[in-house]
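Overview (structure and organization)
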Amino acid sequence: MSTTSPADPLIDLRAGTTLVAGQQPTWPDEAALADVVATLLTYPPLVFAGECDVLRSRIAAAARGEAFVLMGGDCAETFANATADNIRDRIKTVLQMAAVLTYGASVPVVKVGRMAGQFAKPRSSGTETREGVTLPAYRGDMVNDFEFTPEARTPDPTRLLRAYHTSSATLNLVRAFTSGGFADLRHVHDWNRGFVANSANARYEKLARDIDKAMKFMAACGADFETMKTVEFFAAHEALLLDYERPLTRVDSRTGDLYDTSAHLVWVGERTRDGDGAHVDFVSKVRNPIGAKVSDKASPDDVLRLVERINPDNEEGRLTFITRMGAGRVREALPPIVAKVHASGAHVTWVCDPMHGNTFESESGFKTRDFEDIVDEVRGFFEVHRELGTVPGGIHVELTGNDVTECIGGAEKILDADLTKRYESVCDPRLNHQQSLELAFLVAEMLAD
Ligand SMILES: O=C[C@H](O)[C@H](O)COP(=O)(O)O
Ligand SMILES: C=C(OP(=O)(O)O)C(=O)O
């Protein structure tokens, strides 16, 4: 991987800068931005091209039903919360979910953290008004600060550098946790036993007992658990801020191809997936596996256009559609899209995001999601794929390892009145540790079916 990229493949990338890019901040100081971009160009890659290729092959396996993708992490990471404990607890939650899903699916689970780069947010409105005062909306720590003052909300390009360094530190810890013994399957299994023992829902006990038996069976057969102490763990985020993603795009010295080295997988969001826009142009030019969010507003033709733009060579594992229809819409809105893409012969991986179509404002004024809706959307996703004979390839969830109260419902029966107790998200509500594991148990049941 070269750190100073040869000009040729980058000329094409730069051509995309003339296209319309939605959801970009208005940086107040162009010269300061130019300095930051120049600095980012000199920084080492955060991931290596070969790792992105491995993830592409894993996602290809998920499209064939030979693996299942689990993507999870914060809605919006913050610099202040990138602590060792928080990162450890999020990884722990994903590992616990993955162990349960592996049992349910009987195939490997591809673990992808929405982390080490998820610092920029698209917003419904460019401004926020509180008590008659209107300021720029919070767009993620990579852009501005959550605090509601004119200074904090002014976009500051030096935050792009902090985002890089925080991502680097996060990834370093992710690599340490997943390769240094923390991810040992026996630990993960013990944590899950603890979860079931303390869960208010007896429903998970049977599956947990079955997993326990499977572990004992493996031990009796002489399975080498020492080889199950490390796991593959990939990083992903929305490629939203092109002033960050473009300078971190480098030429792979092995192949001459471009890779966005800010993450293994990057996705284009629902608000920036315009087939003629700058974001789709950008992801079409890098070799990373790419995700595209798709809501019920997308027509089957919009989705086919994304296939043509992002995966013209019809390569397996290259393109993942992360569908987020809403529980009430998934059973009507998803089938025509999946059917048309399937009929076209396109190789894509289907992943369900049951969060973003199910957000509402609670009576007490919190942005929340109901655990029942989340489960119902995943159920609908499985039903649609079963009816069409296509493969449900994974789930994409906003979660934290902490015991927050942001989504209502679940075995803990979080109510609207509880949201105020520990609502910490700076953007959308996340499943807490317990709710995440419950979801994993329920999805494992769906997979086993
Ligand atoms: O995470 C997704 C979006 O950034 C988020 O849902 C937008 O939220 P808003 O409608 O409050 O702007
Ligand atoms: C903004 C997000 O989702 P969507 O683009 O689907 O709204 C997100 O996943 O953070």
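Residues numbered from 1 in each chain as written. Chains lettered and ligands numbered in written order. Predicted model: local features only at pLDDT ≥ 70, side-chain atom pairs only at ≥ 80, totals over all residues. Heavy atoms only, no water.

- An unreviewed UniProt entry annotates the protein chain as Phospho-2-dehydro-3-deoxyheptonate aldolase of Nostocoides japonicum T1-X7.
- For the protein chain, the Catalytic activity (unreviewed entry) comment in UniProt is given as "D-erythrose 4-phosphate + phosphoenolpyruvate + H2O = 7-phospho-2-dehydro-3-deoxy-D-arabino-heptonate + phosphate".
- UniProt, in the comment section headed Sequence similarities (unreviewed entry), describes the protein chain in these words: "Belongs to the class-II DAHP synthase family." (UniProt positions renumbered as here; feature names shortened; annotations may be inferred.)

1. Observations concerning the UniProt feature "binding site: phosphoenolpyruvate" (unreviewed entry) in the protein chain
- The feature "binding site: phosphoenolpyruvate" (unreviewed entry), as annotated in UniProt, sits at Arg114, Glu270, Arg271, Lys293 and Arg324 in this numbering.
- On the secondary structure map, Arg114 appears in the loop between strand 2 (109-113) and strand 3 (127-130).
- You can call Arg114 buried: its relative accessible area is 1%.
- At a separation of 3.1 Å, a polar atom in the side chain of Arg114 contacts the main-chain carbonyl oxygen of Cys75.
- Looking at where Arg324 falls in the secondary structure, it is placed in the loop between strand 10 (319-323) and helix 12 (330-344).
- Residue class for Arg324 comes out buried when judged on its relative accessible area of 10%. (Helix = DSSP H or I, 4+ residues; strand = E, 2+ residues; numbered from the N terminus. Buried < 20%, exposed > 50% of the residue type's maximum accessible area, 1.4 Å probe, protein only. Polar contact = N/O pair within 3.5 Å; in protein donor to acceptor, adjacent residues only side chain to side chain.)

2. Regarding the environment of Ala137
- Summarising the element assignment, Ala137 is placed in the loop between strand 4 (133-136) and helix 5 (150-153).
- Assessed through its relative accessible area of 4%, Ala137 is described here as buried.
- Setting aside anything within four residues of it in sequence, one finds Ala137 in contact with Arg123, Ser125, Gly126, Thr127, Glu128, Asn144 and Arg153. (Contact = heavy atoms within 4.5 Å.)

3. Some remarks on the UniProt feature "binding site: Mn(2+)" (unreviewed entry) in the protein chain
- According to UniProt, the "binding site: Mn(2+)" (unreviewed entry) feature falls on Cys75, His356, Glu398 and Asp428. A maximum C-alpha distance of 10.0 Å among these annotated residues, which run over 354 residues, shows that they cluster at one spot.
- Secondary-structure assignment places Cys75 in the loop between strand 1 (68-73) and helix 4 (84-105).
- A residue is classified by how much of its surface remains accessible, and Cys75, at 0% relative accessible area, is buried.

4. Overview of the packing of aromatic side chains
- One pass over the structure, following the stated rule, counts 12 aromatic pairs.
- Ring centres of Phe321 and Trp350 lie 5.5 Å apart, and the angle between their planes is 35 degrees; this geometry places the pair in the tilted category. Placement of Phe321 in strand 10 and of Trp350 in strand 11 (residues 349-352) is noted, with a sequence separation of 29 residues between them. For the pair Phe321 and Trp350, one class covers both residues: buried.
- Among the aromatic side chains, those forming a connected cluster through ring pairs are Phe68, Phe381 and Phe382. (Phe/Tyr/Trp six-rings, centres within 6.5 Å; stacked < 30°, edge-to-face > 60°.)

5. Considerations on the pairing of strand 2
- In terms of burial, strand 2 is largely enclosed, as 5 of its 5 residues are buried.
- A two-sided burial pattern is seen for strand 2, the buried positions comprising Val109, Lys111 and Gly113 on one face and Val110 and Val112 on the other.
- Bridge analysis of strand 1 against strand 2 gives 5 bridges, and the strand direction is parallel. The residue bridging Val69 from the neighbouring strand is Val110, located in strand 2.
- A crossover connection joins strand 1 to the parallel strand 2 through helix 4; in handedness this β-α-β unit is right-handed.
- The pairing of strand 2 with strand 5 (residues 234-238) spans 2 bridges and is classified as parallel. Bridge assignment links Val112 to a residue of strand 5, and that residue is Phe234. (Pairing = 2+ DSSP bridges. Right-handed = clockwise from strand over helix to strand, strands pointing away.)

6. A short note on the site of ligand 2
- Taken together, the neighbourhood of ligand 2 is formed by 13 residues, with Arg114, Lys121, Glu270, Lys293 and Arg324 sitting nearest.
- Here Lys121 contributes a side-chain N or O atom positioned 2.6 Å from an oxygen atom of ligand 2.
- Between an oxygen atom of ligand 2 and a side-chain N or O atom of Arg271, the distance comes to 3.0 Å.
- In isolation ligand 2 has 290 Å² of accessible area, and contact with the protein removes 98% of it.
- Tallied by class, residues from the shell around ligand 2 come to 2 nonpolar, 3 polar and 8 charged. (Near = heavy atom within 4 Å. Areas by Shrake-Rupley, 256 points an atom, 1.4 Å probe, with all protein chains shown as cover. Nonpolar A, V, L, I, M, F, W, Y, C, P; charged D, E, K, R; others polar.)

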